[in-house]
Amino acid sequence: MKLLTINVHAWLEENQMEKIDILAKDIAEKQYDVIAMQEVNQLMNNPVIFDDIRQENYGWVLLEKLQEYTDTDYYYHWSNSHIGFSKYNEGVAIITRHKIKDEDEFYCTFAQSVRTISARRIVSITINYNGQDVEFYSCHMNLPNCETEDMGENLRNILNRTKTDNLKILMGDFNTDANGNPEDYQNILNQGLFDTYTLAEKKDSGVTVDKGIHGWAQDKSKKRIDYIFCTKEIKVKESKVIFNGKNKGVVSDHFGIEVEIEI
(Lines give C-alpha, C1' and ligand atoms only; values in the text may rest on other atoms or scores of the structure.)
Protein backbone atom coordinates (compact mmCIF):
# COMPACT_ATOMS: atom_id res chain seq x y z
CA MET A 1 0.00 0.00 0.00
CA LYS A 2 1.29 3.46 -0.95
CA LEU A 3 0.38 6.54 1.08
CA LEU A 4 1.04 10.26 0.61
CA THR A 5 0.52 13.20 2.93
CA ILE A 6 1.10 16.84 1.97
CA ASN A 7 0.15 20.23 3.38
CA VAL A 8 -0.65 21.89 0.06
CA HIS A 9 -0.80 25.55 1.22
CA ALA A 10 -3.60 25.93 -1.30
CA TRP A 11 -3.92 29.10 -3.38
CA LEU A 12 -1.13 30.74 -1.37
CA GLU A 13 1.64 29.52 -3.65
CA GLU A 14 3.18 31.30 -6.63
CA ASN A 15 2.66 29.46 -9.92
CA GLN A 16 -0.13 27.52 -8.23
CA MET A 17 -1.45 25.74 -11.33
CA GLU A 18 2.03 24.56 -12.29
CA LYS A 19 2.40 23.07 -8.83
CA ILE A 20 -0.99 21.38 -9.01
CA ASP A 21 0.17 19.86 -12.28
CA ILE A 22 3.32 18.45 -10.61
CA LEU A 23 1.20 16.89 -7.86
CA ALA A 24 -1.35 15.46 -10.31
CA LYS A 25 1.34 13.86 -12.47
CA ASP A 26 2.92 12.24 -9.41
CA ILE A 27 -0.41 10.84 -8.20
CA ALA A 28 -1.09 9.42 -11.65
CA GLU A 29 2.39 7.89 -11.78
CA LYS A 30 2.52 6.44 -8.26
CA GLN A 31 -1.12 5.33 -7.96
CA TYR A 32 -1.23 6.01 -4.22
CA ASP A 33 -3.91 4.15 -2.33
CA VAL A 34 -4.67 7.03 0.03
CA ILE A 35 -3.64 10.71 -0.08
CA ALA A 36 -4.13 13.07 2.87
CA MET A 37 -3.96 16.83 2.31
CA GLN A 38 -4.08 19.81 4.66
CA GLU A 39 -4.71 23.53 4.07
CA VAL A 40 -7.04 22.54 1.25
CA ASN A 41 -8.54 25.96 0.67
CA GLN A 42 -11.44 27.45 -1.26
CA LEU A 43 -12.60 31.06 -1.41
CA MET A 44 -15.53 31.52 0.99
CA ASN A 45 -17.63 33.50 -1.48
CA ASN A 46 -17.22 31.29 -4.56
CA PRO A 47 -20.35 29.53 -5.90
CA VAL A 48 -21.20 26.14 -4.41
CA ILE A 49 -20.60 23.10 -6.64
CA PHE A 50 -22.28 20.65 -4.27
CA ASP A 51 -22.63 20.20 -0.52
CA ASP A 52 -19.91 22.40 1.06
CA ILE A 53 -17.50 22.30 -1.87
CA ARG A 54 -17.20 25.57 -3.75
CA GLN A 55 -15.84 26.44 -7.17
CA GLU A 56 -12.01 26.27 -7.22
CA ASN A 57 -11.84 24.08 -4.14
CA TYR A 58 -8.17 23.08 -4.37
CA GLY A 59 -8.84 19.35 -4.16
CA TRP A 60 -11.56 19.55 -6.78
CA VAL A 61 -9.22 21.39 -9.15
CA LEU A 62 -6.55 18.75 -8.48
CA LEU A 63 -8.97 15.94 -9.35
CA GLU A 64 -9.91 17.66 -12.60
CA LYS A 65 -6.22 17.98 -13.49
CA LEU A 66 -5.66 14.35 -12.52
CA GLN A 67 -8.21 13.26 -15.13
CA GLU A 68 -5.79 14.49 -17.81
CA TYR A 69 -3.19 11.92 -16.74
CA THR A 70 -5.05 8.81 -15.60
CA ASP A 71 -8.32 6.92 -16.06
CA THR A 72 -8.30 5.82 -12.42
CA ASP A 73 -11.42 6.83 -10.51
CA TYR A 74 -10.84 8.66 -7.24
CA TYR A 75 -13.07 9.36 -4.26
CA TYR A 76 -12.73 12.72 -2.48
CA HIS A 77 -13.70 13.74 1.05
CA TRP A 78 -13.16 17.36 2.18
CA SER A 79 -14.30 19.33 5.21
CA ASN A 80 -13.89 22.95 6.28
CA SER A 81 -11.95 23.44 9.50
CA HIS A 82 -11.85 27.23 9.94
CA ILE A 83 -11.54 30.55 8.14
CA GLY A 84 -8.04 31.22 6.87
CA PHE A 85 -6.59 34.62 5.95
CA SER A 86 -10.08 36.16 6.28
CA LYS A 87 -11.20 34.79 2.91
CA TYR A 88 -10.70 31.02 2.68
CA ASN A 89 -12.52 27.99 3.94
CA GLU A 90 -9.40 26.17 5.11
CA GLY A 91 -9.98 22.45 5.25
CA VAL A 92 -8.53 18.97 5.22
CA ALA A 93 -9.12 16.25 2.66
CA ILE A 94 -8.56 12.63 1.71
CA ILE A 95 -8.36 11.19 -1.80
CA THR A 96 -8.47 7.44 -2.41
CA ARG A 97 -8.77 5.10 -5.36
CA HIS A 98 -10.56 2.53 -3.19
CA LYS A 99 -14.28 2.35 -2.52
CA ILE A 100 -15.07 4.07 0.77
CA LYS A 101 -16.92 1.90 3.29
CA ASP A 102 -17.44 4.71 5.76
CA GLU A 103 -16.50 8.37 6.10
CA ASP A 104 -16.59 10.89 8.91
CA GLU A 105 -15.69 14.47 9.77
CA PHE A 106 -15.44 15.97 13.23
CA TYR A 107 -13.63 18.48 15.41
CA CYS A 108 -10.88 17.00 17.56
CA THR A 109 -10.42 20.29 19.43
CA PHE A 110 -12.22 22.08 22.24
CA ALA A 111 -12.69 24.99 19.81
CA GLN A 112 -15.40 24.15 17.29
CA SER A 113 -16.09 27.37 15.40
CA VAL A 114 -14.92 28.18 11.89
CA ARG A 115 -14.06 31.63 13.21
CA THR A 116 -11.48 30.22 15.63
CA ILE A 117 -8.08 29.38 14.13
CA SER A 118 -7.41 26.70 16.76
CA ALA A 119 -10.54 24.78 15.70
CA ARG A 120 -9.23 21.69 13.91
CA ARG A 121 -11.53 19.47 11.92
CA ILE A 122 -10.57 15.93 10.93
CA VAL A 123 -11.77 13.94 7.94
CA SER A 124 -11.61 10.16 7.96
CA ILE A 125 -12.42 7.24 5.70
CA THR A 126 -12.56 3.49 6.15
CA ILE A 127 -11.60 1.21 3.27
CA ASN A 128 -11.25 -2.55 3.00
CA TYR A 129 -7.74 -3.57 1.99
CA ASN A 130 -6.70 -7.19 1.61
CA GLY A 131 -9.73 -8.28 3.59
CA GLN A 132 -9.33 -5.92 6.55
CA ASP A 133 -10.89 -2.58 7.34
CA VAL A 134 -8.38 0.26 7.72
CA GLU A 135 -9.20 3.77 8.97
CA PHE A 136 -7.37 6.84 7.64
CA TYR A 137 -7.44 10.32 9.18
CA SER A 138 -6.23 13.57 7.62
CA CYS A 139 -4.99 15.82 10.44
CA HIS A 140 -3.78 19.41 10.74
CA MET A 141 -2.96 19.91 14.40
CA ASN A 142 -2.22 23.02 16.44
CA LEU A 143 1.26 23.89 17.66
CA PRO A 144 2.11 22.10 20.93
CA ASN A 145 2.23 25.46 22.77
CA CYS A 146 -1.36 26.37 21.80
CA GLU A 147 -2.74 27.83 25.04
CA THR A 148 -6.34 26.70 24.52
CA GLU A 149 -5.75 23.15 23.27
CA ASP A 150 -3.96 20.03 24.48
CA MET A 151 -2.29 17.88 21.81
CA GLY A 152 -2.68 14.66 23.77
CA GLU A 153 -6.37 15.25 24.36
CA ASN A 154 -6.94 16.20 20.71
CA LEU A 155 -5.24 13.01 19.55
CA ARG A 156 -7.25 10.89 21.98
CA ASN A 157 -10.41 12.42 20.53
CA ILE A 158 -9.31 11.17 17.11
CA LEU A 159 -8.29 7.71 18.29
CA ASN A 160 -11.46 7.23 20.33
CA ARG A 161 -13.77 8.39 17.56
CA THR A 162 -14.42 4.75 16.68
CA LYS A 163 -14.32 1.82 19.08
CA THR A 164 -13.00 -0.68 16.53
CA ASP A 165 -9.78 -2.66 16.63
CA ASN A 166 -9.06 -1.56 13.06
CA LEU A 167 -5.63 -0.30 12.12
CA LYS A 168 -5.86 3.50 12.29
CA ILE A 169 -3.48 5.63 10.25
CA LEU A 170 -3.15 9.34 11.10
CA MET A 171 -1.60 11.40 8.31
CA GLY A 172 -0.76 15.06 8.11
CA ASP A 173 0.80 18.21 9.50
CA PHE A 174 1.20 17.76 13.26
CA ASN A 175 3.06 21.07 13.79
CA THR A 176 5.48 19.25 16.10
CA ASP A 177 9.17 19.04 15.24
CA ALA A 178 10.70 15.67 16.11
CA ASN A 179 14.16 17.18 15.60
CA GLY A 180 13.79 20.33 17.67
CA ASN A 181 11.05 19.37 20.16
CA PRO A 182 11.62 15.72 21.12
CA GLU A 183 9.44 15.94 24.26
CA ASP A 184 6.42 17.20 22.31
CA TYR A 185 7.03 14.54 19.67
CA GLN A 186 7.20 11.86 22.37
CA ASN A 187 3.86 13.10 23.72
CA ILE A 188 2.32 12.17 20.36
CA LEU A 189 3.81 8.68 20.50
CA ASN A 190 2.62 8.30 24.09
CA GLN A 191 -0.98 8.30 22.84
CA GLY A 192 -0.34 4.82 21.44
CA LEU A 193 1.04 5.74 18.04
CA PHE A 194 3.93 4.43 15.97
CA ASP A 195 5.83 6.66 13.54
CA THR A 196 6.12 5.01 10.12
CA TYR A 197 9.37 6.94 9.62
CA THR A 198 10.90 5.15 12.61
CA LEU A 199 9.50 1.79 11.48
CA ALA A 200 10.73 2.20 7.90
CA GLU A 201 13.35 -0.23 6.63
CA LYS A 202 14.56 2.47 4.25
CA LYS A 203 14.33 6.21 4.92
CA ASP A 204 15.88 9.61 4.26
CA SER A 205 16.17 12.67 6.52
CA GLY A 206 12.42 12.98 6.98
CA VAL A 207 12.70 16.79 6.83
CA THR A 208 9.47 18.36 5.56
CA VAL A 209 10.16 22.06 6.22
CA ASP A 210 13.59 23.64 5.74
CA LYS A 211 12.83 27.33 6.21
CA GLY A 212 10.71 29.73 8.23
CA ILE A 213 7.01 29.39 7.34
CA HIS A 214 3.71 30.69 8.75
CA GLY A 215 3.59 29.57 12.38
CA TRP A 216 7.33 28.91 12.36
CA ALA A 217 8.48 32.28 11.00
CA GLN A 218 11.47 32.63 13.33
CA ASP A 219 12.58 29.01 13.03
CA LYS A 220 14.55 28.41 9.86
CA SER A 221 15.95 25.05 10.95
CA LYS A 222 15.28 21.76 9.15
CA LYS A 223 12.12 20.41 10.72
CA ARG A 224 10.23 17.12 10.65
CA ILE A 225 6.63 18.17 11.32
CA ASP A 226 4.63 16.09 8.81
CA TYR A 227 4.01 12.45 9.64
CA ILE A 228 2.18 9.22 8.98
CA PHE A 229 1.41 7.55 12.31
CA CYS A 230 -0.29 4.20 12.91
CA THR A 231 -1.84 2.44 15.89
CA LYS A 232 -0.12 -0.89 15.29
CA GLU A 233 3.49 -1.84 14.60
CA ILE A 234 3.30 -2.62 10.88
CA LYS A 235 5.87 -3.41 8.20
CA VAL A 236 7.05 -0.18 6.53
CA LYS A 237 9.21 -0.78 3.47
CA GLU A 238 10.15 2.84 2.85
CA SER A 239 9.49 6.41 4.02
CA LYS A 240 10.59 9.15 1.66
CA VAL A 241 10.29 12.94 1.47
CA ILE A 242 8.78 14.14 -1.81
CA PHE A 243 8.18 17.52 -3.51
CA ASN A 244 11.40 18.88 -2.01
CA GLY A 245 13.16 19.86 -5.24
CA LYS A 246 15.19 16.64 -5.26
CA ASN A 247 12.42 14.06 -5.34
CA LYS A 248 9.94 15.92 -7.60
CA GLY A 249 9.44 19.67 -7.76
CA VAL A 250 8.37 21.81 -4.81
CA VAL A 251 4.57 22.28 -4.65
CA SER A 252 4.09 23.90 -1.23
CA ASP A 253 5.85 25.46 1.75
CA HIS A 254 5.82 21.90 3.16
CA PHE A 255 7.37 18.87 1.52
CA GLY A 256 5.31 15.70 1.35
CA ILE A 257 5.85 12.25 2.83
CA GLU A 258 5.31 9.09 0.79
CA VAL A 259 5.30 5.76 2.58
CA GLU A 260 5.01 2.17 1.36
CA ILE A 261 3.60 -0.27 3.90
CA GLU A 262 2.54 -3.90 4.00
CA ILE A 263 -0.68 -4.86 5.76
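Values in this document were obtained by computation on a predicted structure and should not be read as measured data. (Residues numbered from 1 in each chain as written. Predicted model: local features only at pLDDT ≥ 70, side-chain atom pairs only at ≥ 80, totals over all residues. Heavy atoms only, no water.)

Trainee: Provide a residue-level description of the side chain of N247, including the pertinent values.
Mentor: Among the secondary structure elements, N247 is positioned in the loop between strand 14 (235-242) and strand 15 (256-262). Residue classification places N247 among the buried residues on the basis of a relative accessible area of 18%. Polar side-chain contacts of N247 include one of 2.9 Å to the backbone oxygen of V241. (Helix = DSSP H or I, 4+ residues; strand = E, 2+ residues; numbered from the N terminus. Buried < 20%, exposed > 50% of the residue type's maximum accessible area, 1.4 Å probe, protein only. Polar contact = N/O pair within 3.5 Å; in protein donor to acceptor, adjacent residues only side chain to side chain.)

Trainee: Kindly report on the nonpolar core, identifying the contributing residues and their values.
Mentor: In this structure, L23, M37, Y58, L62 and Y76 are the most contacted members of the largest nonpolar core, which totals 27 residues. For this core, the elements supplying multiple residues, two or more each, are strand 1 (2-7), helix 1 (16-30), strand 2 (34-43), helix 2 (58-66), strand 5 (75-84) and strand 6 (88-96). (Core = buried A, V, L, I, M, F, W, Y, C linked by side-chain atoms within 4.5 Å.)

Trainee: Could you give an account of the layout of surface pockets, naming the residues involved and the relevant values?
Mentor: Put simply, the largest pocket is a space of about 400 Å³. Lining of the largest pocket is provided by 22 residues; of these, I117, R120, H140, N175 and H214 occupy positions nearest its centre. Counted as a void, the second largest pocket has a volume near 240 Å³. Surrounding the second largest pocket, D204, S205, V207, D210, K222, K240, V241, N244, K246, N247 and F255 form its lining. Looking at side-chain class alone, the lining of the second largest pocket contains three nonpolar, three polar and five charged residues. (1 Å grid on protein atoms, 1.4 Å probe; cavity = no way out; pocket = protein on both sides within 12 Å on 5 of 7 lines; lining within 4 Å. Points joined across faces, edges and corners; volume = space filled by probe spheres on them. Nonpolar A, V, L, I, M, F, W, Y, C, P; charged D, E, K, R; others polar.)

Trainee: I'd like a rundown of the side chain of Q191, residues and numbers included.
Mentor: In this structure, Q191 sits in the loop between helix 4 (182-189) and strand 11 (194-195). According to the relative accessible area criterion, Q191 is buried, its value standing at 17%. The residues touching Q191, leaving out its near neighbours within four places in the chain, are G152, L155, R156 and L159. (Contact = heavy atoms within 4.5 Å.)

Trainee: Describe the packing of aromatic side chains, with residues and values.
Mentor: Taken as a whole and assessed by the stated rule, the structure comprises seven aromatic pairs. When the ring of F174 is compared with that of Y227, the centres are 6.0 Å apart and the planes differ by 75°; the resulting orientation is edge-to-face. Separated by 53 residues along the polypeptide, F174 in the loop between strand 10 (167-173) and helix 4 and Y227 in strand 13 (residues 226-230) bring together distant segments of the chain. With a relative accessible area of 0%, F174 lands in the buried category. The class for Y227 is buried, based on a relative accessible area of 1%. Considering the side-chain rings of F174 and F229, the 5.0 Å spacing of their centres and the 90° angle between planes classify their relative orientation as edge-to-face. Of the two residues, F174 is situated in the loop between strand 10 and helix 4 and F229 in strand 13; the sequence distance between them amounts to 55 residues. One exposure class covers both F174 and F229, and it is buried. Here a set of aromatic residues connected by ring pairs shows up, and it is made of F174, Y185, Y227 and F229. (Phe/Tyr/Trp six-rings, centres within 6.5 Å; stacked < 30°, edge-to-face > 60°.)

Trainee: I'd love a proper account of empty space enclosed by the protein, names of residues and values included.
Mentor: One pass over the full model with this rule turns up three cavities of 30 Å³ or more. Approximately 50 Å³ is the volume found for the largest cavity. Contributing to the lining of the largest cavity are D195, T196, Y197, G206, R224, D226, Y227, I228, S239 and I257. Those elements that place two or more of their residues in the lining of the largest cavity are helix 5 (196-199) and strand 13. Here the lining of the largest cavity takes three residues from strand 13, the largest share from any one element.

Trainee: An account of the pairing of strand 10 is requested, with residue identities and associated values reported.
Mentor: Judged by how many residues are buried, strand 10 sits mostly within the fold: seven of seven residues are covered. Handedness of the crossover joining strand 9 (residues 132-140) and strand 10 through helix 3 (residues 151-159): right-handed. Summarising the sheet, strand 10 and strand 13 pair through five bridges and their orientation is antiparallel. When the sheet's bridge partners are listed, G172 is paired in strand 13 with Y227. (Right-handed = clockwise from strand over helix to strand, strands pointing away. Pairing = 2+ DSSP bridges.)

Trainee: Residue-level account of the environment of D133, with values.
Mentor: Note that D133 resides in strand 9. With 93 residues separating them along the chain, D133 and D226 place their C-alpha atoms 24 Å apart. In this structure D133 touches K101, T126, I127, N128, N166 and L167, once residues within four positions along its chain are discounted. There is a polar contact of 3.1 Å between the side chain of D133 and the side chain of K101. Of the polar contacts made by the side chain of D133, one reaches the side chain of N128; its length is 3.0 Å.

Shape is all these values report; function is a separate question.
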